[in-house]
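# Notes for the structure review
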Amino acid sequence: MYTRMLVPLDGSKTAEKALPYARALARALKLPVELLAVVDIAELAAHLSAANARHMDAMVESELKNRAEYLSGILKTFEDASVICSVDRGLADEVIVARASAEKETLITMATHGRSGLNRWLLGSVAEKVLRTTVNPLLLVRAGDQAESVGYASLKSIVVPLDGSELAEGALPAATELAKKLDLEITLLRCYELPASAYYGTEDYLPSYEELKQRIKEEAVNYLDGKLAALKAKGLEKVSSTVIEGPAAREIIEYARARSGTLIAMCTHGRSGVRRWVLGSVTEKVVRHCGDPVLVISAKPDSETPQRASVARLGAEVSGAMRYTID
């Protein structure tokens, strides 16, 4: 499981929307926390006129001091947790990724967007760069208008979207551990749909769309039943599964939105083809548009294994129908 938590902050109230989840997980998992602020010297310089360039060193020192004082104030909002504060110089995403990579079980927790300016990052851009480059687990909290920055977040369940690939299943170990430690319910979610190309028949053959969809649904149900049995064998009792027809990203978001206290756990990428999504694309869409927190697990290239089918092939027409990639 995780050994520590890294919480990047830029001084904005928007970035602080990740703090309730950071506090809750740090307390429940007994994680030491590092609060991190980054002073981007290039950004500071961009806001200086040529006449004031000689004051650059003084401005950098002032920013370093201000960030340290700011983090010290945030530190006091954590109860029963070991918290340290760090202020560094450089590009925010690079510093975050480098700081986390020193320990592979570091959980990065941050908001998905903020405001640009002299004293803050454009967190939407930073979060996306971290998402695409880090190999550490990443908890992303979309900072909506209704999100709180005080107190402790309350989680009730974890939704794990699965597409039939081993890469997507890479989110299951983390979800299982969190469910055990936080007493959460796990719901395995699989979405399916026929691609547009499936609706173009030929002069000699016109497929039965309802039959194709029914067979796809049955395959998905059987696949999830096997995963549920494996989770129950590990001692988990509060587990369930759901199969939904529709575009993956949209259905994942809508499913979580209808249930308060939901955490979505999924991998960063997969491979296109029969019975699987392009998970990188799906994950980015979920992160960008979902109002619920998303735990992103990096599917490392060196650990990829050949994809295996969860059931016997259903025939050429079904294989074609089950290619439901999202770009």
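Residues numbered from 1 in each chain as written. Predicted model: local features only at pLDDT ≥ 70, side-chain atom pairs only at ≥ 80, totals over all residues. Heavy atoms only, no water.

### Regarding the overall build of the chain
In terms of helices and strands, the chain carries ten helices and ten strands. Split into buried and exposed, the 327 residues of the chain put 50% on the buried side. Partitioning the contacts of the chain with sequence separation of at least 6, the portion at a separation of at least 24 is 80%. As presented, the chain carries roughly 15200 Å² of accessible surface, and 50% of it is formed by carbon and sulfur atoms. (Helix = DSSP H or I, 4+ residues; strand = E, 2+ residues; numbered from the N terminus. Buried < 20%, exposed > 50% of the residue type's maximum accessible area, 1.4 Å probe, protein only. Contact = heavy atoms within 4.5 Å. Areas by Shrake-Rupley, 256 points an atom, 1.4 Å probe, with all protein chains shown as cover.)

### Re unusual backbone geometry
Within the chain, Asp 80 stands out as a residue other than glycine whose phi angle is a positive 55°. Mapped onto the elements of the fold, Asp 80 is located in the loop between helix 3 (56-75) and strand 3 (83-89). The class for Asp 80 is exposed, based on a relative accessible area of 72%. Residues other than glycine seldom take positive phi values, yet Asp 183 does so here, at roughly 55°. Within the secondary structure layout, Asp 183 lies in the loop between helix 6 (172-182) and strand 7 (185-192).

### Overview of the sheet that holds strand 3
Sheet architecture is open: ten strands sit in the order 3-2-1-4-5-10-9-6-7-8, paired in mixed fashion. Lying at the two open borders of the sheet, with one neighbouring strand each, are strand 3 and strand 8 (239-245). Within the sheet, the average angular offset between the axes of one strand and its neighbour, ignoring direction, is 25°. As defined by bridge partners, strand 1 (residues 4-8) adjoins strand 4 (residues 106-111) across three bridges and the pair is classed as parallel. (Pairing = 2+ DSSP bridges. Axes fitted to C-alpha atoms, helices over the stretch in contact; angles between N-to-C directions.)

### Looking at the pairing of strand 2 (residues 33-39)
Taken across its seven residues, strand 2 has seven buried, putting it largely inside the fold. Side chains Val 33, Leu 35, Ala 37 and Val 39 project from strand 2 onto one buried face, and the interleaved Glu 34, Leu 36 and Val 38 project onto a second face that is buried too. Of the strand pairs in this sheet, strand 1 and strand 2 are connected by four bridges, and their pairing is parallel. Pairing of Val 7 across the sheet is with Leu 35, part of strand 2.

### Here we look at the nonpolar core
Within the largest apolar cluster, 53 residues are counted, with the highest numbers of intra-cluster contacts made by Val 160 and Leu 295. Looking at this core element by element, the count peaks at six residues for helix 1 (residues 19-29). When near neighbours in sequence (up to four residues on either side) are disregarded, Val 160 contacts Ala 171, Leu 172, Ala 175, Ile 186, Thr 187, Leu 188, Leu 189 and Ala 265. Val 97, Ala 100, Val 130 and Val 294 belong to the second largest nonpolar core, which has 34 residues in total. (Core = buried A, V, L, I, M, F, W, Y, C linked by side-chain atoms within 4.5 Å.)

### A closer look at the confidence of the model for the chain
Summarising the model, the chain shows a mean pLDDT of 81, and 76% of its residues fall at 70 or more. Confidence over residues 270-278 falls short of pLDDT 50; this stretch has 47 contacts with residues more than four positions distant or in other chains. Per-residue pLDDT stays below 50 along residues 301-327; that stretch engages in 73 contacts with residues further than four places along the chain or on separate chains. (pLDDT = per-residue confidence, 0-100.)

### Some words on the environment of Ala 18
Looking at the element boundaries, Ala 18 is found in the loop between strand 1 and helix 1. According to the relative accessible area criterion, Ala 18 is buried, its value standing at 1%. Along the sequence, Ala 18 and Ala 153 sit 135 residues apart, while their C-alpha atoms lie 9.3 Å from each other. Leave out the neighbours within four places in its chain, and Ala 18 touches Thr 109, Met 110, Ala 111 and Val 141.

### Considering the packing of aromatic side chains
Under the counting rule described, the total for this entry stands at zero aromatic pairs. Here the basic side chain of Arg 23 rests over the ring of Phe 78, its NZ or CZ set 5.6 Å away from the ring centre. (Phe/Tyr/Trp six-rings, centres within 6.5 Å; stacked < 30°, edge-to-face > 60°. Lys NZ or Arg CZ within 6 Å of the ring centre and 35° of its normal.)

### Regarding the side chain of Ser 12
By the element assignment, Ser 12 lies in the loop between strand 1 and helix 1. Take Ser 12: its relative accessible area is 5%, and that puts it in the buried class. Engagement of the side chain of Ser 12 in a polar contact is seen with the side chain of Asp 10, the distance being 2.7 Å. (Polar contact = N/O pair within 3.5 Å; in protein donor to acceptor, adjacent residues only side chain to side chain.)

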